[in-house]
Amino acid sequence: MSFLNKLFGKDKKLKKQLISLLKQNANEKIPTSIRYQDKTYYITPRVDSIELKADGEQSISIAKSGFMDIKTIIAEAGQLLEEYNKGWNEEKQDIDRLNNFRKDIASLIRECNIIFNDRAEEFKSVEEIGEYNFKVGILALDIDCPKLAGPFFMCAAGNGCEDKDRCQTLMAHCMIEDGGAYEAIETLQIVITRNPEYTLAWNHLGRAYAAVGKVGKAGKCILKAVSLEKNLTDLCDYYSILGEFLKQLNKEDWANHFIELSEKEEPNENTPQILEEITTYFEELSSKEE
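Residues numbered from 1 in each chain as written. Predicted model: local features only at pLDDT ≥ 70, side-chain atom pairs only at ≥ 80, totals over all residues. Heavy atoms only, no water.

Quick notes on the packing of helix α5 (residues 126-142) against helix α6 (residues 146-158)
Where α5 contacts α6, the two axes come as close as 8 Å, and the packing angle between them is 165 degrees. Looking at the two axes, α5 sits roughly antiparallel to α6. The way α5 lies across α6 gives a crossing that is left-handed. Within the contact between the two elements, α5 uses I129, G130, N133, F134, V136, G137, I138, A140 and L141 and α6 uses P146, L148, A149, F152, F153, C155 and A156. When the residues that make up the contact of α5 with α6 are grouped by side-chain class, the tally is 13 nonpolar, 3 polar and no charged. (Axes fitted to C-alpha atoms, helices over the stretch in contact; angles between N-to-C directions. Helix = DSSP H or I, 4+ residues; strand = E, 2+ residues; numbered from the N terminus. Parallel < 35°, antiparallel > 145°, perpendicular 65-115°, else oblique. Left-handed = near helix turned anticlockwise from the far one by under 90°. Contact = heavy atoms within 4.5 Å. Nonpolar A, V, L, I, M, F, W, Y, C, P; charged D, E, K, R; others polar.)

Observations regarding the side chain of N203
Structurally, N203 is set in helix α9 (residues 199-211). With near-sequence residues (within four places) excluded, N203 lies in contact with A225, Y238 and I241.

Details of the pattern of salt bridges
One pass over the full model with this rule turns up 7 salt bridges. Close ionic contact of E283 with K220 constitutes a salt bridge, the shortest N to O distance being 3.6 Å. Linking E283 in helix α13 (residues 271-287) with K220 in helix α10 (residues 215-228), this pair joins segments that are 63 residues apart in sequence. With a relative accessible area of 33%, K220 lands in the partly exposed category. A network of salt bridges, in which partner residues are shared, links E83, K86 and R97. (Salt bridge = Lys/Arg side-chain N within 4 Å of Asp/Glu carboxyl O. Buried < 20%, exposed > 50% of the residue type's maximum accessible area, 1.4 Å probe, protein only.)

Re a negative patch on the surface
On the surface, D234, D237, E265 and E266 cluster together into a patch of negative charge. One can find D234 in helix α11 (residues 232-248). Overall, D234 belongs to the partly exposed group, its relative accessible area being 34%. (Patch = residues over 30% accessible without salt bridge, like charges linked within 9 Å, V, L, I, M, F, W, Y side chains within 5 Å. Areas by Shrake-Rupley, 256 points an atom, 1.4 Å probe, with all protein chains shown as cover. Lys, Arg positive; Asp, Glu negative; His and termini not counted. Charge placed at Lys NZ, Arg CZ, Asp CG, Glu CD.)

Describing the packing of aromatic side chains
Note on aromatic pairs: each is described by the distance of the centres and the angle between the planes. Per the counting criterion, the structure on display carries 9 aromatic pairs. Judged by centre distance (5.7 Å) and plane angle (65 degrees), the rings of F134 and F153 are edge-to-face. Residue F134 is found in helix α5, and its partner F153 is found in helix α6; the two are separated by 19 residues along the sequence. Each member of the pair, F134 as well as F153, carries the same accessibility label: buried. Taking 5.2 Å as the distance between ring centres and 50 degrees as the angle between the ring planes, the aromatic pair formed by Y281 and F282 counts as tilted. Grouping residues by exposure puts Y281 and F282 together as buried. Within the aromatic cluster, the residues linked to one another by ring pairs are F116, F123, Y132 and F152. (Phe/Tyr/Trp six-rings, centres within 6.5 Å; stacked < 30°, edge-to-face > 60°.)

Structure below.
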């Protein structure tokens, strides 16, 4: 609030009225104005800020991080995300409109980062900071911005995020996307040591090994995710990942089997035998990578 204090000096009544209107109009996105001591103040909401103008003065822009709470900004970003996702599901996509939604959500995410840095004292606990960082990180991944998401997951993991396994695994995912596969391997090994049956971590560990050229180890990790997964929908996702990975290795017959299996979501009597063959194949490759 220091910026507003400087702007209005000791006039607490004006500041209180304007802050109330700023919050209201940031949510409602409707321009408005108030009359105070023979001067009119005009308020125009933007994506990540509010434009404030008084009679005879230049307009100024006040960032939402200066007067809105983190929960409200996340909710607003969530509403934009719904529109963004709807746009992708439309038969005729308006790419420019979708890119604008993505930019607007990214702007709000950056406003959240300012709140974490400048207004940390407003949170009830370190754990609350962790949980909100995790939520913002998920928002960033939802618009396919792993570089933007990574620092939020890192902060969440260091501040007592409740689901530490998922948090560190998604942090590792961001590392892989940003060229940090070796760091991701170290992080994922910590997660798997703590939770050996966490399939998402095994899958991303496979991605990390693949990124550094260790194909055998990558395959073994993906197979581990397949063997552990009990949910049919998630298992089919891992079948698809395995199929695409095998396709990259020019193992067309094996690849087609698992890609078809992922699409049909039905058991195949040949699958156990094929999995044994693939396991042997990746074991042999892995032994040469030690």
